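# Chains, contacts and geometry: an overview
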Amino acid sequence: MTAAKLIGWGGRVLYLGPAFGLTPHRNATAVLAVGLDAPLEVADDPADRTTHYRAARSVLIPPNSLHHLRIERGRMAFLYVDPLGRDLKALIARMTNATPRAAFDLREESGVIEIMTGLAESRIAAQDGRASLGELLGVGTRGKTNARIAAALQHMRDEPQRAHRLTTLAARAGLSPSRFLHLFKAETGVPLRRYRIWNRMGAALRANGEGASLTEAAHAAGFASSAHFSSAFRDMFGMMPSDLARALRPGVTQV
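Residues numbered from 1 in each chain as written. Predicted model: local features only at pLDDT ≥ 70, side-chain atom pairs only at ≥ 80, totals over all residues. Heavy atoms only, no water.

### Structural notes on the packing of aromatic side chains
Basically, it comes down to this: Any Phe, Tyr or Trp ring, taking Trp's six-membered ring, that has another such ring centre within 6.5 Å forms a pair; planes under 30 degrees apart are called stacked, those over 60 apart edge-to-face, and the others tilted. Helix and strand assignments come from DSSP, with helices taken as H or I runs of at least 4 residues and strands as E runs of at least 2, each series counted from the N terminus. For every residue, the accessible area obtained with a 1.4 Å probe (protein chains only) is divided by the maximum for its type, and the residue is called buried under 20%, exposed over 50%, and partly exposed between those limits. Charge-over-ring contacts are defined here by two conditions on Lys NZ or Arg CZ: a distance within 6 Å of the ring centre and an angle within 35 degrees of the ring normal.
Throughout the structure, instances matching the rule amount to 11 aromatic pairs. Judged by centre distance (4.7 Å) and plane angle (40 degrees), the rings of Phe 233 and Phe 237 are tilted. A residue pair is termed a helical-turn pair when its members lie 3 or 4 positions apart in one helix, as Phe 233 and Phe 237 do in helix 9 (residues 226–237) at 4 residues. Note on accessibility: Phe 233 and Phe 237 belong to one class, buried. Linked through ring pairs, Tyr 15, Phe 20, Phe 78, Tyr 80, Trp 198, Phe 223, Phe 229, Phe 233 and Phe 237 together constitute an aromatic cluster. A cation over a ring is seen here: Arg 54 above Phe 104, with NZ or CZ 3.9 Å from the ring centre. Over the ring of Tyr 53 we find Arg 70, and its NZ or CZ is 3.6 Å from the ring centre.

### So, the side chain of Thr 29
Our working definition: Two residues qualify as a contact provided that any one of their heavy atoms is within 4.5 Å of a heavy atom in the partner residue.
Along the chain, Thr 29 turns up in the loop between strand 2 (12–17) and strand 3 (31–35). In this structure Thr 29 touches Pro 63, Tyr 80, Val 81, Pro 83 and Trp 198, once residues within four positions along its chain are discounted.

### Here we look at unusual backbone geometry
Backbone geometry at Asp 105 places phi at a positive 65 degrees, although glycine is not the residue there. Despite not being glycine, Ser 122 has its phi angle at roughly 60 degrees, a positive value.

### A few points about the pattern of salt bridges
Close approach of charged atoms lets side chains of opposite charge pair. Basically, it comes down to this: Salt bridges are defined by distance alone: a side-chain nitrogen of Lys or Arg within 4 Å of a carboxyl oxygen of Asp or Glu.
Going through the model one piece at a time under the given rule, you end up with 7 salt bridges. When the shortest N-O distance is used, the salt bridge between Asp 87 and Arg 12 registers 2.6 Å. Remark: Arg 12 occurs in strand 2 and Asp 87 occurs in helix 1 (residues 87–93); sequence separation between them is 75 residues. What makes Asp 87 buried here is its relative accessible area of 0%. The structure contains a network of salt bridges with shared partners spanning Asp 37, Arg 75, Glu 121 and Arg 123.

### Quick look at the packing of helix 4 (residues 147–158) against helix 5 (residues 166–173)
When two helices pack together, their arrangement is given by the angle between the helix axes and by the axis-to-axis distance. Note the threshold: Lines are fitted to the C-alpha atoms to define the axes, a helix being fitted only along its stretch in contact, and any angle between axes, read from their N-to-C directions, falls within 0 to 180 degrees. Roughly parallel here means an angle under 35 degrees, roughly antiparallel means over 145, roughly perpendicular means 65 to 115, and every remaining angle is called oblique. For a crossing to be left-handed, the near helix must be turned anticlockwise from the far one by less than a right angle; the clockwise case is right-handed. Just so you know the grouping, Ala, Val, Leu, Ile, Met, Phe, Trp, Tyr, Cys and Pro go in nonpolar, Asp, Glu, Lys and Arg go in charged, and all remaining residues, Gly too, go in polar.
Where helix 4 contacts helix 5, the axes come no closer than 9 Å and their chain directions differ by 130 degrees. Classed by the angle they form, the pair helix 4 and helix 5 counts as oblique. For the pair helix 4 and helix 5, the sense of crossing is right-handed. Taken together, the residues of helix 5 that come into contact with helix 4 (itself represented by Arg 148, Ala 152, His 155 and Met 156) are Leu 169, Arg 172 and Ala 173. Of the residues assigned to the contact of helix 4 with helix 5, the class counts are 4 nonpolar, 1 polar and 2 charged.

### Points about helix 5
Here is the rule we go by: To obtain the arc, one takes the directions from the helix axis to the C-beta atoms.
Residues Leu 169, Ala 170 and Ala 173 constitute the buried set of helix 5. Along the long axis of helix 5, the arc covered by the buried residues comes to 95 degrees, so they all point the same way. Exposed and oriented more than 90 degrees from the buried face of helix 5 are Thr 167, Ala 171 and Arg 172. Looking at the buried side of helix 5, the elements it contacts are helix 4, helix 6 (177–188) and helix 7 (192–209). Looking one or two residues beyond helix 5, the residue adopting positive phi is Gly 174, at roughly 70 degrees.

### Some words on the nonpolar core
Note the cut-off: To form a nonpolar core, buried Ala, Val, Leu, Ile, Met, Phe, Trp, Tyr and Cys residues must be joined to one another through side-chain atoms within 4.5 Å.
Residues Val 59, Phe 78, Phe 180, Met 201 and Leu 244 are the most contacted members of the largest nonpolar core, which totals 56 residues. Per-element accounting of this core gives the leading share, 9 residues, to helix 7. If we ignore the near neighbours within four places in the chain, the residues touching Phe 180 are Ile 149, Ala 152, Leu 166, Leu 169, Ala 170, Ala 173, Leu 175 and Leu 192. Counting 26 residues, the second largest nonpolar core, distinct from the first, contains Leu 60, Leu 79, Leu 133 and Val 139.

Structural data, given as structure tokens:
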């Protein structure tokens, strides 16, 4: 199997490697998918068994949107964007064709593919690749974030294993539960429940990259069991965490 890499980038994560035969799924943040070696295909309607697939080298999927990507050969790049930055707005402006379900064809597509391929093959250092991609994609700047929501997110990141119930988070923020939910969705683009799972996913992957088994990483991140973690992971990423763990070489999760 082709080796994979995970490169941390502030509130973003860049995955480089095989596509794993993805199933339909919903990400908690927007994702830019790029076929490094060949076009990928995107389903018009993943819920329709007779759906047509559209071929493209790059596609931007909005957060919490059911989608299905498939690729016949070669490597993929998935850039999971920062939900509190201006990434999504910047990326949409750089796509050639936008539809209600997705946006297609980066204007700087060839340059992005060249840099991502260099990162995948370790010809470009992570720091240099992030800087170059930031310039081409316009990502890396932050908007003015609601301070109370930002504090709640930081608390969730610091202690991903905790329940982080709505009533507790709202009370810490000095807001009613309904007002907190409204502001949270407005700031992140996703519901609290899905962001909470996304946050735990990140913690589990970091623990696994540091040497913990998937079971140990799942428990440390607050999942009830490894089966719960695997089910949630497949629902959000369209693959099993064990597939990703096997593809990642030791030491390739970079920050």
